Amino acid sequence: RASGGLLYPHESVTRTTREIGGVWRFRTDPSDIGEREGWENGLAQFRLIPVPASWNEIFDDVRNYTGTAWYETYLNVARSLKGQRIVLRFGSVQYAAKVWLNGKAVGGHVGGHLPFVIDITDAVLFDGPNRLTVQVENKLLLERSPAVPDTGRFAMTVTHYPQTTYDFFPFTGIHRPVLLCTMPEVCVDDITVVTTLSGRVTIDVATSTTWTGKAKVSAGGSTATIAIRDGRGSGSLSIANPRLWSPEDPHLYTLSVRLEDPALLDEYRMKIGVRTVAVDGDRLLLNGKPVFLRGFGKHEDFPVHGRGLDVASIVRDFELMKWLGANSFRTSHYPYSDEAMMLADELGFLVIDESSGVSLVFADPPATIEARRLRLEDEMRALVSRDKNHPCVILWSVANEPQTKPFNTHNVETPGAVEAGVRFFKSVIGLTRTLDPTRPVTLVGHDYGPDEWLELGDVICANKYGGWYYLVGQLDKARGALVGAINDIRKRMPGKPVIITEFGADAVAGMHAQPAEMWSEEYQSEMIEMYIEVAKTFPFIVGTHPWAFADFRTSQSVTRVGALNHKGVFTRDRRPKLAAHTLRRLWKTAGR
Ligand code: GCB
């Protein structure tokens, strides 16, 4: 059976989906003895843990623990489902997972933030509870993406704990729903939809087996038949006078794909939007018209849940972004949940869809860099496969702030690193363009070393921290530096659109200063307003994303008060700081 597709397992007349999260059993395994002792045959000792959630915010003794741990639960599968294909779909396990059913190894996965599917058809018992065991580990290793940590070569600016190369907490656990799904043996495995402004919808279908037959497709009152040969087929239909998807009118159509033999074998239904996205010279076009991105870099980070899915928080975040007049966000610094992406479609957010390639460095041995490239390319395959049909996704981001200069953050020379990095991203970006020729691709940088770095992406995304990490406390000088940096990018790489993907200042909610000084709400608010006012004067800047939407958990260090990054315009519990009101005034009135 093929299971290349990562289609969300929506229910239909031929499919069932059941969430099996809740309260599971949990045991840490710091010495990695579990497999030797056969823990997959039942956990002798355990405590109870919620699924989904990060363990770090639940139990005090594992606050900073990212090593191995085991999860266990019991589930029944109704006899009426015999004969169906039965799979488990894990929305995200951070970082590596091994899975057993009734003591039998059924599969595993490496890489957080994206779903994986495990076929358990042949391992399921229909006459009693099934024991599901999941081993999880998030060891911070150099060849992983994000790569962590070789403190000699790269570290955050100061010592911090746990040690990472990035500025967010390395949350660990089963982070997204675990779904028990059933579907017919011959079923739709993957669909790729491409739309045009005239309403033409091209549909590629792949089936789970090398099946030959007919697929009936329908959307927006139009239908067509697609011939499937050996498990693959393509066709199209036309929606008359289509209502185009946009932030102002995020209209969605339901696409139905039915495999018929001639009786119905399988039906898959999903929502699609009719829209186009393109880069034209230095403009970013949605439906052929220039669009400006007002929004944020964010995190999946909520009190108590950690990085565990919390749908209420997602809806609340989107509500607050609407309140501000935002129309966009970036999934910094890793792919977000299926649930967030579906809601972004529904509510009309323009999403920069980012991989987990954050803070990648290129001073490592070639074999390590090569392993990391293969890992990131696998991730891009999975990310594009999962998100290609979301109208909300307008730009792929393959990385955030890689090393682009021939020295590391300790100012130590790293010969060959620039060339290695450019080679690395030529490959990753080239692959992404092949995987999805319909969307532009970018990588987000805080500086751009040699010009080859600026050549790589279709859009230049730049993070700027003048007034915070340099020119500290001096917004007037930071303004000059920002203008200089934008002019420099323009001079070196004319003709590409630019998005300022990060800028901001830490502000501890409730701290005030007159005149405005660092850490006060006033300073943060004035800085964000200054950046937005400067950006407005450059017509080729097509978006401004202040960093960040809300305060978020980080490792402990002398720069992160309360183990939080305080650059949120909302607090971690989503209360507005002064900057939120400022953004509302700017975005609601000026639209930029
Ligand atoms: C950055 C990173 C982001 C950090 C931010 C900061 O450039 O992309 O992950 O959180 O700076 O606040 O330092």
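As the structure is a computational prediction, the values presented were derived from the model and not from experiment.

Caption draft 1: A look at the packing of aromatic side chains. For the structure shown, the criterion picks out 28 aromatic pairs. Through successive ring pairs, a cluster of aromatic residues spans Tyr 166, Phe 168, Phe 318, Phe 329, Tyr 334, Tyr 336 and Phe 349. When the ring centre of Phe 59 is taken as origin, the NZ or CZ atom of Arg 47, which lies over that ring, is 4.4 Å away. The side chain of Arg 490 reaches across the aromatic face of Phe 540, ending 4.1 Å from its centre.

Caption draft 2: Here's a closer look at the packing of helix α2 (residues 311–324) against helix α9 (residues 578–589). In contact at an axis separation of 7 Å, α2 and α9 are set at 55° when each is read in the N-to-C sense. Considering their axes alone, α2 and α9 lie oblique with respect to each other. Within the contact between the two elements, α2 uses Lys 322, Trp 323 and Leu 324 and α9 uses Ala 580, His 581, Leu 583, Arg 584, Trp 587 and Lys 588. Each residue belonging to the contact of α2 with α9 can be placed in one class, and the counts come to five nonpolar, one polar and three charged.

Caption draft 3: Spatial organisation of the nonpolar core. Residues Phe 296, Phe 362, Val 398, Phe 425, Leu 443 and Trp 453 are the most contacted members of the largest nonpolar core, which totals 103 residues. Residues lining this core come from more than one domain, with at least three contributed by each of domain 1 (22–176) and domain 3 (277–589). Ignoring anything within four residues of it in the chain, the contact list for Leu 443 reads Val 398, Ala 399, Pro 402, Phe 425, Ile 429, Tyr 448, Trp 453, Leu 456 and Cys 461. By size, the runner-up hydrophobic cluster in this structure holds 33 residues, among which are Ala 69, Leu 75, Leu 81 and Val 178.

Caption draft 4: Just the sheet that holds strand β9 (residues 116–119), in detail. Sheet architecture is open: four strands sit in the order β1-β12-β5-β9, paired in antiparallel fashion. In the strand order of this sheet, the two ends are held by β1 (16–19) and β9, each with one partner. Each adjacent strand pair in this sheet contributes to an overall mean axis angle of 25°, direction not counted. As defined by bridge partners, β1 adjoins strand β12 (residues 178–183) across four bridges and the pair is classed as antiparallel. Of the residues in β12, the one forming a bridge with Glu 19 is Leu 179.

Caption draft 5: Summary view of the packing of helix α8 (residues 521–536) against α9. One way to put it is that α8 packs onto α9 with a least axis distance of 8 Å and a crossing angle of 25°. Considering their axes alone, α8 and α9 lie roughly parallel with respect to each other. In this structure, the crossing between α8 and α9 has a hand that is right-handed. Where α8 abuts α9, its residues Glu 521, Glu 522, Gln 524, Ser 525, Ile 528, Glu 529, Ile 532 and Glu 533 lie against Leu 578, Ala 579, Thr 582, Leu 583, Arg 585, Leu 586 and Trp 587. Grouping the constituent residues of the contact of α8 with α9 by class yields seven nonpolar, three polar and five charged.

About the criteria used
Residues numbered from 1 in each chain as written. Predicted model: local features only at pLDDT ≥ 70, side-chain atom pairs only at ≥ 80, totals over all residues. Heavy atoms only, no water. Phe/Tyr/Trp six-rings, centres within 6.5 Å; stacked < 30°, edge-to-face > 60°. Lys NZ or Arg CZ within 6 Å of the ring centre and 35° of its normal. Axes fitted to C-alpha atoms, helices over the stretch in contact; angles between N-to-C directions. Helix = DSSP H or I, 4+ residues; strand = E, 2+ residues; numbered from the N terminus. Parallel < 35°, antiparallel > 145°, perpendicular 65-115°, else oblique. Contact = heavy atoms within 4.5 Å. Nonpolar A, V, L, I, M, F, W, Y, C, P; charged D, E, K, R; others polar. Core = buried A, V, L, I, M, F, W, Y, C linked by side-chain atoms within 4.5 Å. Buried < 20%, exposed > 50% of the residue type's maximum accessible area, 1.4 Å probe, protein only. Domains from an automatic or database assignment. Pairing = 2+ DSSP bridges. Left-handed = near helix turned anticlockwise from the far one by under 90°.

Keep in mind these numbers describe shape, not what the thing actually does.
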